[in-house]
Amino acid sequence: MNSIFVYCEITEDGAVADVSLELLSKGRELADTLQTKLEVAVFGSGLSGVESVLFAHGADVLHVADNKCMFPYRTLPHFSVLVHLFEQEHPEIALFGATSIGRDLAPRVASRLSCGLTADCTALEIGNHTESKTGKEYHNLLLQVRPAFGGNIIATIINPETRPQMATVREGVMKRVISRPQNYVGTVKYINVSQCLTDTDNLVEILNREIEACKINIKGARVIVSGGYGMGNKENFSLLHELAALLGGEVGATRAAVDAGLAEHERQIGQTGVTVRPKLYVACGISGAVQHRAGMEESAKIISINTDINAPINAIADYTIIADAKEVVEKMIKELKNGKIIA
Amino acid sequence: MYNNKIFNIVVLAKQVPDTRNVGKDAMKEDGTVNRAALPAIFNPEDLSALEMALTIKDKLLENCKITVITMGPVRAADIIREALYRGADQGVVLSDRKFAGSDTLATSYALALAVKKTGHFDLVIAGRQAIDGDTAQVGPQIAEKLNLPQITYSEEIMNITDTRVRVKRRLERGIEIVEAPFPCLLTVHGSAAPCRARNAKKLMKYKHAKTPSELAEPGTENQSRYSQKPFLNIEEWTADHVNAIPERLGLSGSPTKVKKIENVVLVKKESQNINPNEEGIHLLIRELVNTRVIG
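Residues numbered from 1 in each chain as written. Chains lettered and ligands numbered in written order. Predicted model: local features only at pLDDT ≥ 70, side-chain atom pairs only at ≥ 80, totals over all residues. Heavy atoms only, no water.

Even after reading the chapter, I still don't get the overall build of chain A, so can you show me in this structure?
From N to C terminus, chain A includes 10 helices and 16 strands. Its C-alpha radius of gyration of 22 Å places chain A within 12% of the 20 Å reference for a compact globule of 343 residues. Along the longest, intermediate and shortest principal axes, the C-alpha atoms of chain A span 65 × 55 × 40 Å. Once local pairs closer than 6 in sequence are excluded, the contacts in chain A between residues at least 24 apart make up 64%. For chain A, the computed accessible surface area is about 13200 Å², with 47% contributed by carbon and sulfur atoms. (Helix = DSSP H or I, 4+ residues; strand = E, 2+ residues; numbered from the N terminus. Rg over C-alpha atoms; globule rule 2.2 N^0.38 Å. Contact = heavy atoms within 4.5 Å. Areas by Shrake-Rupley, 256 points an atom, 1.4 Å probe, with all protein chains shown as cover.)

Following this line, the structure appears as structure tokens:
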């Protein structure tokens with residue numbers, strides 16, 4: 001069987017993006033199941049030094065495109081080089097981070113190769129499929145699981161006929177696993193970038209970039225106090241910051257709360273945000289749509305504070321408090337201050 | 001600035017079920033989605049795309065023409081009218097049973113053909129993604145099919161000259177200012193300016209605008225009005241009108257297949273209800289400390 005490919009993203013400071021290492025870890029698992037190789041497309045400028053971390057996370061082969069025009073990311077140069085690589089290597093599966101880069105690049109590549117692409121998968125597995133009409137059997141397909149239709153259903157998508165089977169996955173959804181010793185060395189292949197590019201690949205010019213380093217790290221927080229649209233306003237949301245600080249944690253938010261301007265985009269938890277697995281998750285004024293739950297249901301302990309006794313979040317909570325979230329949070333803050341249990 | 005040359009903008013829009021406000025009646029007894037219970041709306045980011053086109057038209061006045069294309073059922077003409085009320089010049093409903101079951105690849109194929117059929121265009125603008133799928137794939141796929149440079153996550157047009165557009169992009173951790181020559185394709189991020197309200201004069205002018213299918217419905221009065229006022233005719237194109245190859249449409253043109261749809265079944269955890277008074281909170285915090293969840 002042909003290889004599994006992961007498109008690797010490079011951060012502003014030249015490191016490998018977390019989401020790419022997570023995809024590699026998942027890719028390693030899939031490659032072992034399929035008994036095939038895991039290969040990485042890593043494009044950038046001045047890339048030396050990224051190899052060891054990629055090998056440690058399971059890569060067998062690296063395809064390196066190291067050229068000034070490959071950083072910062074622009075669609076067309078990356079598109080041309082990746083299409084060139086895929087047309088040569090015919091990957092079985094190709095995985096991308098569901099980031100502003102992956103979601104820009106993957107659909108254009110899928111269109112050129114006329115193959116299927118599933119966005120924002122929450123699980124990837126290998127499995128078989130029998131076409132109900134024709135009875136045709138397919139073995140070892142990539143089963144791509146994602147919530148759909150506003151999160152009211154969970155769909156399993158397959159690409160039976162076209163290759164590569166392409167999928168994007170959000171940061172934090174897959175777990176990062178170091179599967180090899182740090183000194184493991186696999187194969188490194190260098191791509192001749194100028195050979196892949198066409199005259200029109202430089203049409204889009206970057207004039208200025210203002211990219212901040214990631215300041216908010218909710219993925220690594222042990223405690224997350226998260227607010228939904230039900231928190232109502234920014235003032236109430238600031239109470240969550242106070243509670244989170246007392247618990248030594250971070251503040252998260254639902255998509256509705258982020259869309260309403262109550263919290264920064266980096267705090268969004270769920271299918272289209274970050275997936276978190278803290279020791280304690282306090283859901284305040286969150287009803288718990290499946291997209292949100294997809295990003296937090298593996299938390300060790302969940303407290304749900306909600307006025308609606310039927311809110312779906314209550315079903316996955318370890319503790320439910322049926323009351324106005326603002327009032328309960330105020331009481332928790334008071335209790336923590338009085339009790340001097342400060343993390 | 002255009003010396004009377006018309007600057008043509010094609011806006012791509014989708015009518016979507018309002019998945020943001022899914023009420024209890026939106027799910028049927030058997031757990032399937034009751035689409036009829038969800039209001040059909042103009043996809044929010046496509047409205048922002050329309051606004052971006054309108055701001056360009058504000059600058060260029062008569063030298064700019066905005067054509068809105070939507071692919072969907074016949075009733076999607078609703079959003080064409082909404083676009084006309086806000087300042088679009090003309091609309092096309094791309095509708096055919098052959099499109100049913102299209103994934104993003106088959107959709108982008110049909111839409112790319114429709115964009116081509118409009119004739120000369122300088123700019124294609126679409127919302128980043130539709131709220132019923134959230135894939136953000138159709139824009140970049142149309143750009144590929146039309147061989148256009150793409151600028152995704154556009155937030156604001158910073159500058160426009162007769163050959164180039166400068167755009168501010170909204171990324172996860174910041175912004176990027178990029179410039180591309182025409183023709184190119186932009187997808188618009190939700191953080192862009194919201195769309196202006198309907199214009200009362202335009203509402204009066206276009207409220208009877210109809211597609212041929214709508215005109216053919218029984219009870220449509222005053223057919224002659226439509227031959228006298230050509231602007232009231234919303235174009236309706238089928239797969240044949242855009243010369244689509246049938247195999248590339250609908251299910252046969254879609255490489256992704258739905259293997260399984262599951263309803264979201266919550267496995268109820270054993271949960272403990274906490275009294276929302278001070279005593280209840282006190283006991284909860286103590287338990288969390290004792291079980292080493294916090295502290």
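Next comes the rest of the description.
Hey, could you run me through the sheet that holds strand β15 (residues 301-306) of chain A in this one?
Two strands in a sheet stick together by hydrogen bonds in their backbones, pointing the same way (parallel) or opposite ways (antiparallel). With respect to topology, six strands assemble into an open sheet ordered β13(A)-β12(A)-β14(A)-β15(A)-β16(A)-β13(B), the strand pairing being parallel. Among the strands making up the open sheet, the edge pair consists of β13 (250-253) of chain A together with β13 (272-273) of chain B. By the bridge criterion, five bridges tie strand β12 (residues 223-227) of chain A to strand β14 (residues 280-284) of chain A in an arrangement that is parallel. Residue pairing in the sheet places V225 of chain A in a bridge with V282 of chain A of β14 of chain A. Sitting on the sheet, helix α6 (residues 234-246) of chain A touches β12, β13 and β14 of chain A, and the angle it makes with β13 of chain A is about 140°. In this fold helix α8 (residues 278-290) of chain B packs onto β14, β15 and β16 (319-322) of chain A together with β13 of chain B, with an angle of close to 160° to the strand it touches most, β16 of chain A. (Pairing = 2+ DSSP bridges. Axes fitted to C-alpha atoms, helices over the stretch in contact; angles between N-to-C directions.)

Would you mind going over the nonpolar core with me for this structure?
Nonpolar side chains tend toward joint burial in soluble globular proteins. I9, L50, I66 and I125 of chain B are the most contacted members of the largest nonpolar core, which has 45 residues in total. In terms of residues, this core owes the most to one element, helix α1 (residues 44-60) of chain B, which gives eight residues. Not counting the four nearest positions on each side in its chain, I9 of chain B is found in contact with A53, I56, C64, K65, I66, T67, L123 and I125 of chain B. Core analysis: the next-biggest nonpolar cluster, separate from the first, contains 37 residues, L240, V282, I305 and A323 of chain A among them. (Core = buried A, V, L, I, M, F, W, Y, C linked by side-chain atoms within 4.5 Å. Buried < 20%, exposed > 50% of the residue type's maximum accessible area, 1.4 Å probe, protein only.)

In this structure, what is going on with helix α3 (residues 75-89) of chain A? I would like to understand it.
Because an α-helix completes one turn every 3.6 residues, residues spaced three or four positions apart along the sequence face the same direction. Residue and element names in this part refer to chain A. Compared with an ideal rise of 1.5 Å per residue, which puts 15 residues at 21 Å, α3 spans 21 Å between its outermost C-alpha atoms and is within 8% of the ideal. Burial within α3 is extensive, with 11 of its 15 residues counted as buried. Those residues of α3 that sit buried are T75, L76, P77, H78, F79, S80, V81, L82, V83, L85 and F86. Where α3 ends, the next residue or the one after it, H90, has phi of about 45°, a positive value. (Expected span 1.5 Å × (residues − 1).)

Would you take a moment to explain empty space enclosed by the protein for this structure?
Vacant regions in the atomic arrangement are exposed by a probe of water-molecule size rolled over the atoms. A full pass over the atoms with the stated rule returns two cavities of 30 Å³ or more. Looking at the largest cavity, it is lined by 14 residues, and the ones nearest its centre are R74, T75 and V204 of chain A together with Q150 and R169 of chain B. The set of elements that each furnish at least two residues to the lining of the largest cavity consists of α3 of chain A together with β7 (150-160) and β9 (174-181) of chain B. For the lining of the largest cavity, the per-class residue count stands at six nonpolar, three polar and five charged. (1 Å grid on protein atoms, 1.4 Å probe; cavity = no way out; pocket = protein on both sides within 12 Å on 5 of 7 lines; lining within 4 Å. Points joined across faces, edges and corners; volume = space filled by probe spheres on them. Nonpolar A, V, L, I, M, F, W, Y, C, P; charged D, E, K, R; others polar.)

Even after reading the chapter, I still don't get the domain arrangement of chain A, so can you show me in this structure?
Where interface size is given, it is often the accessible area lost as the parts come together that is meant. Residue and element names in this part refer to chain A. Along its sequence, chain A is organised into domain 1 (4-202) and domain 2 (223-339). On a C-alpha basis, the centroid separation for the pair domain 1 and domain 2 is 33 Å. With 13 residues of domain 1 at the interface, the matching set in domain 2 holds 10 residues. Summing both sides of the interface, domain 1 and domain 2 together bury roughly 900 Å²; the carbon and sulfur share of this comes to 49%. Scanning the region where domain 1 abuts domain 2 turns up one salt bridge. Applying the counting rule to domain 1 against domain 2 returns five residue pairs in polar contact (both at pLDDT 80 or more). When grouped by side-chain class, the residues that make up the side of domain 1 that touches domain 2 number three nonpolar, five polar and five charged. (Domains from an automatic or database assignment. Buried area = accessible area lost by both parts, 1.4 Å probe. Salt bridge = Lys/Arg side-chain N within 4 Å of Asp/Glu carboxyl O. Polar contact = N/O pair within 3.5 Å; in protein donor to acceptor, adjacent residues only side chain to side chain.)

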